[in-house]
Every structure is written in structure tokens, then in C-alpha cells.
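What follows is each chain in one-letter form.
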Amino acid sequence: MYENLKFEVKENIAYITINRPKAMNALNVEVLNELYEAFTEVEKNGEIRAAIVTGEGKAFVAGADIAQMHAIDPIGGRTMIATGHKVMNYIEAIEKPVIAAINGFALGGGCELAMACDIRVASEKAKFGQPEVNLGIIPGFGGTQRLPRLVGKSMAKYLIMTADMINAEEAYRIGLVEKVVPAEELIDAAEKIAKTILAKAPIAIAITKTTINNGYNMDMRAGSALEVEAFTASFASQDKTEGMSAFLEKRTPNFQNK
Ligand code: CO8
């Protein structure tokens, strides 16, 4: 059982809600460990084919827990950072789509958690920022690496150096989120994206995720070579035969994850 998360599985989708609203869902070591446990369940449980991460109350996640960080020494800080990276990298590595449904403040470690997910959908009320320099530190859960990859080097420097908080519309404009919807439609919108993906060939989806993630840090030639092998793996699946047969027979494919 989780103390800081709600975890629910419905129709092949895991709903992970960070549930520390009194502290704006701030990520302390306990929450990070529970997130790791929850994503282990997402990875291992065959019934789960996608995950949606959101926050309880008015924050998605307002960052790493400042009270906890204040109380620990550099060695403790290193452990906390390493744990954060372990969680973010794990979310990115799981071969199932993970969607962030950003309901409110996504600051510091919260913005970094959202960026580790595959797709981000935001409520109109969401706010984004990397305010670490206000606290005398820099982003520590991947922000200096994932933010420039998403919004470009200069925009990332602008956001991190000024610590400006931006609204959902601006986050959409700069490519930090893929969709903005009214607050009351947020979970439905995330669910709709998840269900759209779930209707596709599962092996192709898994291979797409790993090929994009692994190829992103390669040069074009190495990335192309990776795609050749990854494509060949999808071509060898039974779902390839099913997908193409269904098209030719003008029917909906019945993918078997084989
Ligand atoms: N950590 C701990 N507690 C928090 C945090 C946080 N990040 N954010 C909010 N809280 C707490 C507040 O202290 C307050 O508690 P209490 O009621 O006991 O006083 C409660 O949540 C409600 O917060 P506010 O009263 O401040 O609510 P507002 O609506 O006025 O403001 C904000 C909401 C704008 C979200 C505001 O709380 C805020 O600015 N929070 C801090 C945001 C921030 O600086 N985040 C970055 C943290 S650093 C980080 O994430 C680095 C990641 C790498 C970590 C490496 C680990 C070593």
C-alpha cells in the first residue's frame, strides 16, 4: 500500500495520483520511492498497458521537498538526487506509454517528472517553472538535460536562469506540453490519448518509445541504423500481419501483442 500515492488500474490503464496535497505534492524521498514502486508495478503487470500520472489538489508537483532538502547534508542530497534520477529514467525506459496529466503547479522536480513522461497534457490552470536558482541550487531531477531537449537550449536557459513561472498556454507554445484542456476535462483528455494508443499494435508502440528515446542521443547515421533494426523487429511481429491483413480486408485489426 502507498502512503503518498493513489494507484488504480482501470481498463488497462494505471492511474497514479501523487497525494500529498498539504505539501503541494512535493517529492520527498518517500514519494520518490513509492513512485519507483508504482512504476515497477506498471512495468511488471501485464494487465497494465499505459499509465497516467497526476497530482491531487491544486498542484501536480511543486518540486522536490524543500523542508527535506534543507535538513540533509550533501551526501544525503546526492542520495536524493540519485533516487530522483532513478525514478525519472525508469519512467522513460518502461516500454509502455506514460502520460502526465498536469493539473496545477509543475515546478522544479514536478516539471522534471512531467518531462520524463512520454506525453504531457495540461489543464488551463497548470503552471510550469524551474525555480531552483531561487533556492541556491540548480535543477536536479534531469531539468538541465530534458528541458533543452524539449524547448531548445536558449529557452531552457531562460526558464532556468530567470525561474519564471509560465502558464499552460505558454508551455504549449514552446513545446513543453502537447495539449492544453479545460481543468475539468484533464483526465478525460489524458485517457483519450492513452486509449488511442492502446488501440494500436502494442509491440509497435513499445518499439517506437525505445527507438525514439535511444536514438535521440545518437547522431543521424547511428539513429538510422537503430531504426532499421527496430523496424525489422516490428516487421517480424504477428501484429504486423494482422495490421496489414485488417487494412486489406477493410476491418479493425485485432492486435495480440505478439
Ligand atoms: N517542498 C516542500 N513544501 C512545499 C513545497 C516544496 N517544494 N511547495 C509547497 N510546499 C508547502 C508549503 O511550504 C506550504 O506548507 P505549509 O502550509 O505547511 O506552510 C504548503 O505546501 C502550501 O504552499 P503555499 O502556502 O506556498 O501555497 P501557495 O498557493 O501560496 O503557493 C507555490 C504555491 C507557488 C507552489 C509555492 O508553494 C512554491 O513556490 N513552492 C515551492 C516551489 C519550488 O521552489 N519548487 C522547486 C523545489 S527545488 C527542486 O524541485 C529541485 C529538484 C532536484 C532536487 C534534488 C534533491 C537533492
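Conventions adopted
- Residues numbered from 1 in each chain as written.
- Predicted model: local features only at pLDDT ≥ 70, side-chain atom pairs only at ≥ 80, totals over all residues.
- Heavy atoms only, no water.
- Patch = residues over 30% accessible without salt bridge, like charges linked within 9 Å, V, L, I, M, F, W, Y side chains within 5 Å.
- Areas by Shrake-Rupley, 256 points an atom, 1.4 Å probe, with all protein chains shown as cover.
- Salt bridge = Lys/Arg side-chain N within 4 Å of Asp/Glu carboxyl O.
- Helix = DSSP H or I, 4+ residues; strand = E, 2+ residues; numbered from the N terminus.
- Buried < 20%, exposed > 50% of the residue type's maximum accessible area, 1.4 Å probe, protein only.
- Pairing = 2+ DSSP bridges.
- Domains from an automatic or database assignment.
- Contact = heavy atoms within 4.5 Å.
- Buried area = accessible area lost by both parts, 1.4 Å probe.
- Nonpolar A, V, L, I, M, F, W, Y, C, P; charged D, E, K, R; others polar.
- Near = heavy atom within 4 Å.
- Polar contact = N/O pair within 3.5 Å; in protein donor to acceptor, adjacent residues only side chain to side chain.
- Axes fitted to C-alpha atoms, helices over the stretch in contact; angles between N-to-C directions.
- Core = buried A, V, L, I, M, F, W, Y, C linked by side-chain atoms within 4.5 Å.

Things to note about a nonpolar patch on the surface
Point 1. A cluster of nonpolar side chains, contributed by I66, L135 and I137, occupies part of the molecular surface with about 250 Å² of accessible area.
Point 2. Examined against the element boundaries, L135 turns out to sit in the loop between β8 (127–129) and α5 (143–151).
Point 3. You can call L135 partly exposed: its relative accessible area is 46%.

A few points about the pairing of strand β7 (residues 119–123)
Point 1. Most of β7 sits out of view: four of its five residues are buried.
Point 2. Sheet topology note: the strand β5 (residues 98–102)/β7 ladder contains four bridges and is parallel. Following the sheet pairing, A100 is matched in β7 by R120.
Point 3. As defined by bridge partners, β7 adjoins strand β10 (residues 179–181) across three bridges and the pair is classed as parallel. From the neighbouring strand, A122 faces β10, where its bridge partner is V180.

Quick word on the domain arrangement of the protein chain
Point 1. Partitioning the protein chain into domains gives domain 1 (5–198) and domain 2 (202–249).
Point 2. For domain 1 and domain 2, the distance between their C-alpha centroids amounts to 27 Å.
Point 3. Taken together, the contacts link 11 residues of domain 1 with eight residues of domain 2.
Point 4. Buried area between domain 1 and domain 2, summed over both chains or domains, comes out near 710 Å², and the portion from carbon and sulfur atoms is 53%.
Point 5. There are one salt bridge connecting domain 1 and domain 2.
Point 6. Note that D118 and K209 form a salt bridge whose closest N and O atoms lie 2.8 Å from each other.
Point 7. Across the side of domain 1 that touches domain 2, the residue classes break down as five nonpolar, no polar and six charged.

Digging into the environment of T208
Point 1. Within the fold, T208 resides in helix α9 (residues 202–216).
Point 2. For T208, a relative accessible area of 41% corresponds to the partly exposed category.
Point 3. Considered as a pair, T208 and R120 are 88 residues apart in the sequence and their alpha carbons are 17 Å apart.

Side note on the site of the ligand
Point 1. Close to the ligand lie 24 residues; K58, A62, A64, I66 and G109 are nearest.
Point 2. Between an oxygen atom of the ligand and a main-chain N or O atom of K22, the distance comes to 3.3 Å.
Point 3. Protein burial of the ligand: of its 1,100 Å² of free accessible surface, 64% is covered by the chains.
Point 4. Those elements giving two or more residues to the shell around the ligand turn out to be α2 (66–71), α3 (74–93), β6 (105–107) and α4 (109–116).
Point 5. When residues in the shell around the ligand are grouped by element, the largest group, three residues, is from α3.
Point 6. Its residues assigned to classes, the shell around the ligand comprises 14 nonpolar, five polar and five charged.

Thoughts on the sheet that holds strand β9 (residues 166–167)
Point 1. Read from one edge of the open sheet, four strands run β4-β6-β8-β9, paired in mixed fashion. Each edge of the open sheet carries a strand with a single partner, namely β4 (59–61) and β9.
Point 2. Both β8 and β9 contribute to a ladder of two bridges, which runs antiparallel. By the bridge assignment, K127 is partnered in β9 with N167.
Point 3. Its contacts with the sheet put α4 on β4, β6 and β8, and the angle it makes with β4 is roughly 75 degrees.

What about the nonpolar core?
Point 1. By size, the foremost hydrophobic cluster in this structure holds 49 residues, and its most contacted members are L35, F39, F60, I102, L113, F128 and L176.
Point 2. Counting residues per element, this core draws most heavily on helix α1 (residues 29–44), which supplies six residues.
Point 3. Ranked by size, the runner-up nonpolar core spans 15 residues in total, among them Y15, V181, L186 and I197.

Some thoughts on the environment of C111
Point 1. Tracing the backbone through its elements, the reader meets C111 in helix α4.
Point 2. Distance from C111 to A171, taken between C-alpha atoms, is 11 Å for residues 60 residues apart in sequence.
Point 3. Discounting residues that sit within four places of it in the chain, C111 has contacts with A106, F128, G129, Q130 and L176.

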